[in-house]
Structure formats: structure tokens, C-alpha cells
Amino acid sequence: DVKVTQSSRYLVKRTGEKVFLECVQDMDHENMFWYRQDPGLGLRLIYFSYDVKMKEKGDIPEGYSVSREKKERFSLILESASTNQTSMYLCASSLSRPGGSGQPQHFGDGTRLSIL
Amino acid sequence: AQTVTQSQPEMSVQEAETVTLSCTYDTSESDYYLFWYKQPPSRQMILVIRQEAYKQQNATENRFSVNFQKAAKSFSLKISDSQLGDAAMYFCAFKDIYGGATNKLIFGTGTLLAVQP
């Protein structure tokens, strides 16, 4: 089975701090994703990466950056945390197939981040 | 832009009964994929079922089946013989087949399903 591991289940940080959320997958997937999940809003894509050192903005990239130095690891960075970034953050990965296929995404357990 | 709508924020079903969760979507494409994901209270999202738009036959996975109405852009999930373990948040998701290899998904806002013993 695919294993997507997020480094923390719960995290509490202060406004203005630089925050790192780490995600590791063990199935050699090319694609990795960061979402935030908020009640009534579903999952919204922050950033995704389709290869090492490659990244693309999702729907809500403002205030976030990402890093993918190795294929198995995808980091989400909050450059200067703010209270409106308090949320559940989900990491996912998937295989890449030419032409776009129905490969499912595999998710981690999520990190509940509180910014005080 | 594609959108996915789940109009039922919460649903409830008695154990052993059948429940249907609704999902509609909007797209101008003819080929795409649709998914239902389940997020139990432990929070790991897992794939329940997948449907290819070019297949007329509705997908089925054990007690889970879909009613895919392409013309109406409707993709409902039916859970038969509901079990306590089915209690979860359910998300409908859309993937444009022409989105390339990156497999970007568009999610609905979710339906929270409660199963009553």
C-alpha cells in the first residue's frame, strides 16, 4: 500500500513564524500535492509538484511556498504565519501517466495547524 | 472553470439502510474522471470509487455504487447496507482528462454522513 506520511498531526505556531510542513511518500510517485481543508470549503489546492524541483501554483498559493528537492519529499512553507492560515493541511501523491489518466491521489493523515 | 457541487452538507442513515449522496459538476469537456473519496474521523482520505466519463456503465465497488448521468452532469454515490464504519465525510472530485499528467483534482465541499445504530 501507498504510504503518505505527514510529519505532524497537530502543530501550534505563533503569528509571524516560519512554518514547515513535511510530507513523504514511499511509492515513487511523480506528483505531490498540498491542500488545505476548511469546513464548508472542501479541499483547496495550494501547490503541486510533478517532478523534483518542479512546482506549480494551485488555487490559493498566496502566503505559501513549497520545496521538492527529492522525489519522495514535498514541503509546504508558511513564510510568515498568520491566523487565517489556521487550518487542516493535507498532502497527497499520485502516479503520473501521459495524457492525464484517472490515477487516484493517496493522502496523508493531515496536519491540524493552529496559528496563535 | 470546472466546479463540483455537493448540496447536502450532512446526511444521516440507519444501519443496514441505503443512502444516496448527491454530486453535480460543471464542465465543457467530454472526457474526464469522477471520484468519490471518504474521510473517516481518523482523517486519512481514501478512494471509494472512480468513474470514467467515456464509460456508460456505472462503477461499483462492493456496497458502493454510482449513478452517473453524463447529460445531467450528475454523479451520485449510493451506499447499500450501511455500516457504522461508513460514517465519514464524503467528497466528490473531478479530474479533467486534458489536465495533463499532473492529475489535478477539483473537490466538492463534502457531505458528512452519520450512521445511526
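We now turn to the structure provided with this report. Predicted model only: the values in this text are computed from it and were never measured.

### Regarding the side chain of Gln 6 of chain A
Residues and elements named next belong to chain A. You can see Gln 6 is positioned in strand E1 (residues 4–6). There is a polar contact of 3.0 Å between the side chain of Gln 6 and the backbone oxygen of Tyr 89. A distance of 3.0 Å separates the side chain of Gln 6 from the backbone nitrogen of Cys 91, its partner in a polar contact. Contacts of Gln 6, omitting those with residues within four sequence positions, involve Glu 22, Trp 34, Tyr 89, Leu 90, Cys 91, Gly 108, Asp 109, Gly 110 and Thr 111.

### A look at the nonpolar core
Formed by 25 residues in total, the largest nonpolar core has its most connected members in Tyr 25, Trp 36, Phe 75, Leu 77, Tyr 90 and Leu 113 of chain B. Broken down by secondary-structure element, the contributors of at least two residues to this core are strand E3 (19–21), strand E5 (32–39), strand E6 (46–52), strand E8 (64–69), strand E9 (74–79), strand E10 (88–96) and strand E12 (111–116) of chain B. In terms of residues, this core owes the most to one element, E10 of chain B, which gives 4 residues. In contact with Leu 77 of chain B, other than residues within four places in its own chain, are Val 19, Thr 20, Leu 21, Trp 36, Val 48, Ile 49, Phe 64, Ser 65, Val 66 and Tyr 90 of chain B. Formed by 20 residues, the second largest nonpolar core is a distinct cluster that contains Val 4, Tyr 47, Ile 60 and Cys 91 of chain A.

### Structural notes on the interface of chain B and chain A
Reports often express the size of an interface as the amount of accessible area lost when the parts come together. Opposite the 22 residues of chain B that make contact, chain A presents 32 residues. With both sides pooled, the region where chain B packs onto chain A buries about 2,100 Å², and carbon together with sulfur makes up 49% of that total. The interface formed by chain B and chain A contains 1 salt bridge. With its nearest N and O atoms 3.9 Å apart, the salt bridge here joins Lys 104 of chain B to Asp 59 of chain A. Those elements giving two or more residues to the side of chain B that touches chain A turn out to be E5, E6 and E10 of chain B. At 4 residues, the largest contribution of residues to the side of chain B that touches chain A is made by E5 of chain B. Its residues placed into classes, the side of chain B that touches chain A shows 10 nonpolar, 8 polar and 4 charged.

### Digging into the sheet that holds strand E3 (residues 19–25) of chain A
Residue and element names in this part refer to chain A. Read across the open sheet, the 4 strands follow the order E1-E3-E8-E7; overall the sheet is antiparallel. Among the strands making up the open sheet, the edge pair consists of E1 and strand E7 (64–70). Adjacent strand axes in the sheet meet at a mean angle of 20°, parallel and antiparallel pairs treated alike. Note: E7 against strand E8 (residues 73–78), 5 bridges, orientation antiparallel. By the bridge assignment, Ser 65 is partnered in E8 with Ile 77.

### Some thoughts on the state of the cysteines
Within the structure shown, the criterion is met by 2 disulfides over all chains. Disulfide pairing places Cys 23 of chain A opposite Cys 91 of chain A at an S-S distance of 1.9 Å. Residues Cys 23 of chain A and Cys 91 of chain A share a disulfide whose torsion about the S-S bond is about -80°; that sign makes it left-handed. Taken together, the positions of Cys 23 of chain A in strand E3 and Cys 91 of chain A in strand E9 (residues 87–94) put the pair 68 residues apart, joining distant regions of the chain. Cys 91 of chain A matches Cys 23 of chain A in its accessibility class, with the two residues each being buried. Residue pairing for Cys 23 of chain B: its cysteine sulfur links by disulfide to Cys 92 of chain B, the two sulfurs lying 2.0 Å apart. Of note, the bridge from Cys 23 of chain B to Cys 92 of chain B carries an S-S torsion of about -70° and is left-handed in sense. Of this pair, Cys 23 of chain B sits in the loop between E3 and strand E4 (24–26) while Cys 92 of chain B is found in strand E10, placing the two residues 69 residues apart along the sequence.

### Examining the side chain of Gln 105 of chain A
Residues and elements named next belong to chain A. Of note, Gln 105 is situated in the loop between E9 and strand E10 (106–107). Residue classification places Gln 105 among the buried positions, given a relative accessible area of 2%. A polar contact is formed between the side chain of Gln 105 and the side chain of Tyr 35, at a distance of 2.8 Å.

About the thresholds
The residue numbers shown here count from 1 along each chain, following its written sequence. All chains are assigned letters beginning at A, and all ligands numbers beginning at 1, according to the order in which they are written. Whole-chain, interface and lining totals are the exception, using all residues; otherwise, since this is a predicted model, local features are given only for residues with pLDDT of at least 70 and side-chain atom pairs are given and counted only at 80 or more. Calculated side-chain values reflect all of the structure's heavy atoms, with hydrogen atoms and water omitted. Runs of H or I in DSSP of at least four residues are treated as helices and runs of E of at least two as strands, each being numbered from the N terminus. Nitrogen and oxygen atoms within 3.5 Å of one another constitute a polar contact, given that in protein one can donate a hydrogen and the other can accept it, and given that sequence-neighbouring residues count only through two side-chain atoms. Note on contacts: a residue pair qualifies if any of its non-hydrogen atoms lie within 4.5 Å across the two residues. To form a nonpolar core, buried Ala, Val, Leu, Ile, Met, Phe, Trp, Tyr and Cys residues must be joined to one another through side-chain atoms within 4.5 Å. Each residue is assigned to one of three classes by its accessible area relative to the maximum for its type, calculated with a 1.4 Å probe on protein chains only: buried under 20%, partly exposed between the two thresholds, exposed over 50%. Here's the idea: put two parts together, see how much 1.4 Å probe accessible area each one loses, and the total over both is what we call buried area. By definition here, a salt bridge exists when the distance from a side-chain nitrogen of Lys or Arg to a carboxyl oxygen of Asp or Glu is within 4 Å. All amino acids are sorted into three groups, where Ala, Val, Leu, Ile, Met, Phe, Trp, Tyr, Cys and Pro are nonpolar, Asp, Glu, Lys and Arg are charged, and the leftover types, Gly among them, are polar. Two strands qualify as a pair provided DSSP detects at least 2 bridges between them. Axes, fitted as lines to C-alpha atoms, cover a helix only where it is in contact. Angles between the N-to-C directions of the axes lie from 0 to 180 degrees. Disulfides are defined as pairs of cysteine sulfur atoms found within 2.5 Å of each other.

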